[in-house]
Amino acid sequence: MTGLSLTHVAELAFAPAAASVVAGRVSGAILGIVSADGQCATRVAGFAQTDPCKEPLTIDHWFDLASLTKVMATTRFVLRLAEEGRIDLDRPLIDAIPDLRQYDVGGAAERRLTFRDCLSHRTFLPAVEPIYTYGDDPDQLRAFVLQREWRHGPPVYSDINFILLGIAVERLTGGTLDALPLGEGLSWGPPPGPAVATERCAWRGHVMKGAVHDENCFAMGGRTGHAGLFGTVAGVLDFAAGLLNGSASSSELDAIRTRVHANRTLGWEARADGWPGGDACSDATIGHTGFTGTGLWVDFERGLAWTLLTNRVHPTRHSDSGIAQLRRETGNAVIAAWDGSIGLGDQV
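Residues numbered from 1 in each chain as written. Predicted model: local features only at pLDDT ≥ 70, side-chain atom pairs only at ≥ 80, totals over all residues. Heavy atoms only, no water.

(A) Geometry of the side chain of His 314. Residue position: His 314 is located in the loop between β12 (304-310) and α10 (323-339). Separated by 2.9 Å, the side chain of His 314 and the backbone nitrogen of Thr 50 make a polar contact. Each residue touching His 314, except ones within four places of it in the same chain, is listed here: Ser 27, Gln 49, Thr 50, Asp 51, Ala 197, Thr 198 and Val 207. (Helix = DSSP H or I, 4+ residues; strand = E, 2+ residues; numbered from the N terminus. Polar contact = N/O pair within 3.5 Å; in protein donor to acceptor, adjacent residues only side chain to side chain. Contact = heavy atoms within 4.5 Å.)

This is how it looks when you write it as structure tokens:
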């Protein structure tokens, strides 16, 4: 690390996000950075809400973490069950969900999907499906997911993989996902504090705030394997610190750090050219993003993690927020400041 304090590293690295807020591409943004020794620094700018009124963003606001749910909750839950010997990652999901495609027990391809397949997004399942358009009863929609004959395609990053994993966790633990432990600063919705607004939803007819943005998760009760988690910047950084300082189990760390194919570990995305974490981080970096404008990256080689939390879908997803470029620029700026490639008098 450079001789700069972590506070100054955050100050330098926040420049791209601050510029994005000023330009009106995102309403608000928080950058949080944590090192392996537990030091943290944050920067914040903009608004938690602009429609229909303005509310300044603070570090105490709760973000809809969207698909960070996959790695900060579901992946951890599944890996802990495997560590306890309650599942074998290479066994099919039907060990936990025997009624999956129960009307075609001999021929249904869904019955051959394994936990590892779903964690690594190596299935034939589609990226997403408008499940919420099939009804509004959470139990009925779960039954629909389990009995649907899913269309086949090449392996893609798929919400359906993690919806199935979430159902498997519920079956194995005998309760809903919100009964399982989370760290401080993490919660299933509605969050226990001020919430960041997301989209003015055409389906629900109002600005979403404190209720999950993802339509499928909302319709399925607000707690699913692919979405539904809320968090503060401190909660996300505490989770990342646990990965850096070794308080997470060794089996979880091995699973999430070991590539299962080119750009995937179990649950997480691994560093690759052009990925959202930027090109300056080490090959020992993993990360994940959330549709609402969130993201978390962990560079194990440097002992450093950062989260960029924005409300880029507020008031609508149908605008050019530039979030893909912002994420890469922020990742590169974090590493440059950490390594000392830029100083306080430099422009990012």
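Structure's up, so let's keep going.
(B) The arrangement of the sheet that holds strand β1 (residues 28-35) in detail. The strand order across the open sheet formed by seven strands is β3-β2-β1-β12-β11-β10-β9, and the pairing between neighbours is antiparallel. Whereas interior strands pair on both sides, the edge strands pair on one side only; in this sheet they are β3 (55-56) and β9 (269-270). Note that β1 and β12 share seven bridges and pair antiparallel. For Ile 33, the partnering residue across the bridge sits in β12 and is Trp 306. Here α10 sits on the sheet in contact with β1, β10 (285-290), β11 (294-299) and β12, set at roughly 150° to β12. (Pairing = 2+ DSSP bridges. Axes fitted to C-alpha atoms, helices over the stretch in contact; angles between N-to-C directions.)

(C) Expanded view of unusual backbone geometry. Pro 52 follows Asp 51 through a cis peptide bond whose omega is 5°. Structurally, Pro 52 is set in the loop between β2 (40-49) and β3. Phi is positive for His 121, close to 55°, though the residue is something other than glycine. Structurally, the position occupied by His 121 is in the loop between α4 (115-119) and α5 (138-147). His 121 gets classed as buried once you look at its relative accessible area, which sits at 3%. (Buried < 20%, exposed > 50% of the residue type's maximum accessible area, 1.4 Å probe, protein only.)

(D) View of the side chain of Gln 49. Here Gln 49 lies in strand β2. There is a polar contact of 2.8 Å between the side chain of Gln 49 and the backbone oxygen of Asp 51. There is a polar contact of 2.8 Å between the side chain of Gln 49 and the side chain of Lys 209. Excluding residues within four positions of it along the chain, Gln 49 makes contact with Lys 54, Glu 55, Ala 197, Val 207, Lys 209, Asn 311 and His 314.

(E) Highlighting the packing of aromatic side chains. Applying the stated criterion across every chain, the model contains four aromatic pairs. On the numbers, 6.0 Å between centres and 20° between planes, the contact of Trp 297 with Trp 306 is stacked. Across the pair, Trp 306 and Trp 297 agree in class, each one buried. Every member of this aromatic cluster is reached through a ring pair, and the members are Tyr 132, Trp 203 and Phe 218. Over the aromatic face of Phe 291 sits the side chain of Arg 312, whose NZ or CZ is 4.5 Å from the ring centroid. (Phe/Tyr/Trp six-rings, centres within 6.5 Å; stacked < 30°, edge-to-face > 60°. Lys NZ or Arg CZ within 6 Å of the ring centre and 35° of its normal.)

(F) Summary view of the environment of Thr 198. Topologically, Thr 198 is positioned in strand β6 (residues 197-201). As for Thr 198 and Lys 209, which are separated by 11 residues in sequence, their C-alpha atoms are 6.2 Å apart. The contact partners of Thr 198, leaving out residues within four places of it in the chain, are Asp 64, Val 207, Met 208, His 213, Thr 292, Val 313, His 314 and Pro 315.

(G) Looking closely at the sheet that holds strand β5 (residues 186-188). Reading across from one edge, β4-β8-β5 is the order of the three strands in this open sheet, with antiparallel pairing throughout. The open sheet terminates on both sides in strands that have one partner only, identified here as β4 (63-64) and β5. Inspection of the sheet shows β4 paired to strand β8 (residues 229-231) by two bridges, in the antiparallel sense. Bridge pairing in β8 places Asp 64 opposite Phe 230. Running over the sheet, helix α3 (residues 68-83) touches β5 and β8 and is turned about 85° from β5.

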